[in-house]
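# Notes for the structure review
Single-letter residue listing:
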Amino acid sequence: MEADDVRRAWEANADAWTRHSRAGYDIYRDALNTPAFLAALPTVKDLKGLDIGCGEGSNTRQVARLGANMHAIDIAPTFIRHAEEAEQTEPLGITYRTGDAVSLPFEDDTFDFATAFMSLMDVPNQRAALSEACRVLRPGAFLQFSILHPCFVSPYRKTLKDEHGRRVAIQNAGYFDNIDGRIDAFWFETLPDELRQQDGPFRVPRFHRTLSQWVEMITMAGLTIEQFVEPCASLELASKEPVVADTRIAPMSLIVRVKKPM
Ligand SMILES: C[S@@+](CC[C@H](N)C(=O)[O-])C[C@H]1O[C@@H](n2cnc3c(N)ncnc32)[C@H](O)[C@@H]1O
């Protein structure tokens, strides 16, 4: 699958994704993944940062509120339009641009840090995206990114429930299948039926890679691994937001912090 096909797919998702996530239906993001990501993030106050694959900008805004001077790119123009509208409503000094993670529109050694929230696994050429991120970081700067967990969200995944509807196991298959652009159709889990019918499912091209492939791509890009975080819902969160309870069985996402050597 080519970058143009990926852009078209995300462009088709962008309006509904923005509405549904802003209405609070992206519970994994809001309740678990973003808080875990921000907890792992080093201090960014007064640093110049780039958010890669920013979507409608919710997470970019969170990083900007920590005092960073943020720039952000996304391949889908409609996401960028929604992000810019939010910037007009709540100015945080964020500069958004439409762009592809594999050819970032920035000079070498520009940023003190970069983030990529749940976006790099959606790029067909992840190796090139990691190399590009490395190129635009200044020596000593870090990239922190989250992806669907390569080990526990393999190409075929099912959450198994007991007779009481409790999530008790995760079934995974196809770990070594390097799928390239298979379209997965889904809704945010708690989205009401009327919105499902109105908007249809998101259609997301998937590019699954194994954990060892991710480590190889990171090191070949010239980056060194600093930290892995595997978000797991607390008992309290799992009972408040049952959607994320399966992360107590196995993680849904992996947060990785890597560094460009000095
Ligand atoms: C799962 S969404 C995450 C959006 C946002 N980071 C968030 O956390 O809400 C993945 C995003 O990656 C973007 N994306 C996919 N391929 C891309 C590419 N090659 N370059 C830049 N952005 C890309 C999509 O348009 C989409 O906004």
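Use the structure listed above.
In this report, the structure presented in the accompanying data block is examined. What you see is a predicted model, and the numbers here were worked out from it, not measured in a lab.

On to the site of the ligand, then. What surrounds the ligand is a group of 20 residues, the closest being G53, N59, D74, A101 and F117. One of the backbone N or O atoms of G53 is found 2.7 Å from a nitrogen atom in the ligand. When contributions to the shell around the ligand are tallied by element, the ones reaching two or more residues are α1 (3–22) and β2 (69–74). If one sorts the elements of the shell around the ligand by residue count, α1 sits on top with three residues. Grouping the amino acids of the shell around the ligand by side-chain chemistry returns eleven nonpolar, five polar and four charged.

A cluster of nonpolar side chains, V215, I225 and F228, forms an exposed patch at the surface whose accessible area comes to about 210 Å². With respect to the helices and strands, V215 occurs in helix α7 (residues 211–220). For V215, a relative accessible area of 30% puts it in the partly exposed group.

The terminal C-alpha atoms of α1, which comprises 20 residues, lie 26 Å apart, in line with the 28 Å expected from a rise of 1.5 Å per residue. When the local axis directions of α1 are compared, the greatest deviation, roughly 45°, occurs at A14. Within the sequence span of α1, burial applies to V6, A9, W10, N13, A14, A16, W17, T18, H20 and S21. Along its buried surface, α1 packs onto α2 (27–40), α4 (77–89), β8 (182–186), α6 (193–199) and β9 (202–206). Two residues or fewer after α1 comes G24, characterised by a positive phi angle close to 95°.

In this section: the sheet that holds β2. Taken together, the seven strands give an open sheet; going across it, the order is β3-β2-β1-β4-β5-β11-β10, and neighbouring strands pair in mixed fashion. Across the chains shown, the open sheet's two edge strands, defined by having one partner strand only, are β3 (95–98) and β10 (224–229). Recorded for the sheet is a direction-independent mean angle of 15° between the axes of neighbouring strands. With four bridges connecting them, β2 and β3 associate as parallel partners. Along β3, the bridge assignment pairs H71 with T95. α4 contacts β2 and β3 of the sheet and is inclined by roughly 165° relative to β3. Running at roughly 145° to strand β5 (residues 137–148), helix α5 (residues 126–136) makes contact with β1 (48–52), β4 (111–117) and β5 of the sheet.

Right, let's get into the packing of α5 against α7. When two helices pack together, their arrangement is given by the angle between their axes and by how far apart the axes lie. In contact at an axis separation of 8 Å, α5 and α7 are set at 35° when each is read in the N-to-C sense. Where α5 crosses over α7, the two elements pack in a sense that is right-handed. Contacts between α5 and α7 pair Q126, R127 and L130 from the former with W214, E216, M217, I218 and M220 from the latter. For the contact of α5 with α7, a count of residues per class yields five nonpolar, one polar and two charged.

Formed by 30 residues in total, the largest nonpolar core has its most connected members in L50, I52, L120, L130, L143, F145 and W214. Of all elements in the fold, only β1, β4, α5, β5, α7 and β11 (253–259) reach the threshold of two or more residues within this core. Each residue touching I52, except ones within four places of it in the same chain, is listed here: I73, A101, L104, A114, T115, A116, F117, S119, L120 and A133. Counting 20 residues, the second-largest nonpolar core is a separate cluster that includes L41, V44, A72 and F142.

The rules behind each value
Residues numbered from 1 in each chain as written. Predicted model: local features only at pLDDT ≥ 70, side-chain atom pairs only at ≥ 80, totals over all residues. Heavy atoms only, no water. Near = heavy atom within 4 Å. Polar contact = N/O pair within 3.5 Å; in protein donor to acceptor, adjacent residues only side chain to side chain. Helix = DSSP H or I, 4+ residues; strand = E, 2+ residues; numbered from the N terminus. Nonpolar A, V, L, I, M, F, W, Y, C, P; charged D, E, K, R; others polar. Patch = residues over 30% accessible without salt bridge, like charges linked within 9 Å, V, L, I, M, F, W, Y side chains within 5 Å. Areas by Shrake-Rupley, 256 points an atom, 1.4 Å probe, with all protein chains shown as cover. Salt bridge = Lys/Arg side-chain N within 4 Å of Asp/Glu carboxyl O. Buried < 20%, exposed > 50% of the residue type's maximum accessible area, 1.4 Å probe, protein only. Expected span 1.5 Å × (residues − 1). Bend = angle between axes of the 7 residues up to and from the residue. Contact = heavy atoms within 4.5 Å. Pairing = 2+ DSSP bridges. Axes fitted to C-alpha atoms, helices over the stretch in contact; angles between N-to-C directions. Left-handed = near helix turned anticlockwise from the far one by under 90°. Core = buried A, V, L, I, M, F, W, Y, C linked by side-chain atoms within 4.5 Å.

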